[in-house]
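Structural overview
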Amino acid sequence: MPVGRASDPRRRSQGETPAQRRAERARRNAAGGKSSGKRPGRQSSSRPRPRSSTGGAFKLSSTRRAAGLAMLFCVMALSVSVPLRTYLSQRADLSAQEQQIADLTQQVGDLEKRKEELSDPAQLEAEARARLGYVRPGETPYIVQVPTAPAPPPPPAESADDGLPWYEELWNSVTGKES
């Protein structure tokens with residue numbers, strides 16, 4: 001469509017030119033102020049039209065907007081919670097593994113020190129005598145046993161027969177009462 005021509009089919013059928021349209025607009029502005037954009041023949045009501053409560057870019061009510069934001073917040077919280085939980089559990093696992101590595105390193109150091117001690121023949125002989133009871137040929141081994149005090153006899157058992165029927169004894173044992 002060429003520039004400057006009216007796109008409204010009603011105007012084309014009337015055969016108005018752009019100059020005529022400008023003159024008509026100027027006449028309306030001079031007569032009653034700016035054009036209200038209403039068609040002639042319609043009467044405007046004296047009461048202002050109530051504004052709808054819709055607003056924003058998507059023309060949603062405030063309740064719908066709040067519900068949408070709440071849903072968006074929940075989705076974001078759920079999408080962040082799983083990776084966050086995984087991250088925190090992996091951090092806990094990592095610290096446990098680091099602690100285990102430190103313990104094992106300490107244990108390796110102790111075992112290497114013990115290996116150094118046992119490489120000495122005198123230390124090896126002392127260990128064999130103390131722990132395994134080895135003796136050199138020609139030596140007489142003696143084992144000394146220290147006498148222990150006899151255990152005191154157990155106290156005599158009290159008779160369970162207090163003259164109560166068996167069901168009362170059972171109930172007393174359940175409730176914790178002593179007869």
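To be clear, the structure that these remarks concern was listed above.
Residues numbered from 1 in each chain as written. Predicted model: local features only at pLDDT ≥ 70, side-chain atom pairs only at ≥ 80, totals over all residues. Heavy atoms only, no water.

1. Thoughts on the overall build of the chain
Basically, it comes down to this: Put simply, DSSP H or I for four residues or longer makes a helix, DSSP E for two residues or longer makes a strand, and each gets a number counted from the N terminus. Remark: exposure states derive from per-residue accessible area (1.4 Å probe, protein chains only) relative to the maximum for the residue type, with buried under 20%, exposed over 50%, and partly exposed in between. Pairs of residues are marked as contacts when any of their non-hydrogen atoms sit within 4.5 Å. Shrake-Rupley sampling with a 1.4 Å probe provides the accessible areas, and residues are treated as covered by the protein chains on show and by no other component.
Within the chain one finds 5 helices and 0 strands. Ordered by position in the sequence, the α and β elements of the chain form the string α-α-α-α-α. For the chain, with 179 residues in total, the buried portion stands at 3%. The long-range share in the chain, meaning contacts at least 24 apart out of those at least 6 apart in sequence, stands at 3%. Total accessible area on the chain stands at roughly 17,300 Å², and carbon and sulfur atoms take up 58% of it.

2. A closer look at the pattern of salt bridges
Note on pairing: side chains with opposite charge can pair once their charged atoms come close. Where we set the bar: Throughout this description, the term salt bridge denotes a Lys or Arg side-chain nitrogen within 4 Å of a carboxyl oxygen of Asp or Glu.
Taken as a whole and judged by the stated rule, the model has 8 salt bridges. Salt-bridge contacts for E24 lead to R27; the nearest nitrogen and oxygen are separated by 2.3 Å. Placement of the pair is E24 and R27 together in helix 2 (residues 18–32), with a separation of 3 residues, close to one helical turn. Across the salt bridge formed by R28 and E24, the nearest N and O atoms sit 3.6 Å from each other. Of this pair, R28 and E24 both sit in helix 2, separated by 4 residues, roughly a single helical turn. What makes R28 partly exposed here is its relative accessible area of 33%. Exposure remark for E24: the relative accessible area of 25% places this residue in the partly exposed category. One salt-bridge network, held together by shared partners, links R114, E117, E127 and R131.

3. Notes on the packing of helix 3 (residues 62–118) against helix 4 (residues 121–132)
The criterion, for reference: Inter-axis angles, ranging from 0 to 180 degrees, are taken between N-to-C directions of lines fitted to C-alpha atoms, where helices are fitted over the stretch in contact. Reported orientations rely on four angle classes, namely roughly parallel under 35 degrees, roughly antiparallel over 145, roughly perpendicular from 65 to 115, and oblique for the rest. Residues are sorted three ways: Asp, Glu, Lys and Arg are charged, Ala, Val, Leu, Ile, Met, Phe, Trp, Tyr, Cys and Pro are nonpolar, and all the rest, Gly among them, are polar.
Where helix 3 contacts helix 4, the two axes come as close as 7 Å, and the packing angle between them is 100°. Judged on the interaxial angle alone, helix 4 and helix 3 are roughly perpendicular. For the pair formed by helix 3 and helix 4, the contact residues are R114, E117 and L118 on the first element and Q123, L124, E127 and R131 on the second. Residue composition of the contact of helix 3 with helix 4, by class: 2 nonpolar, 1 polar and 4 charged.

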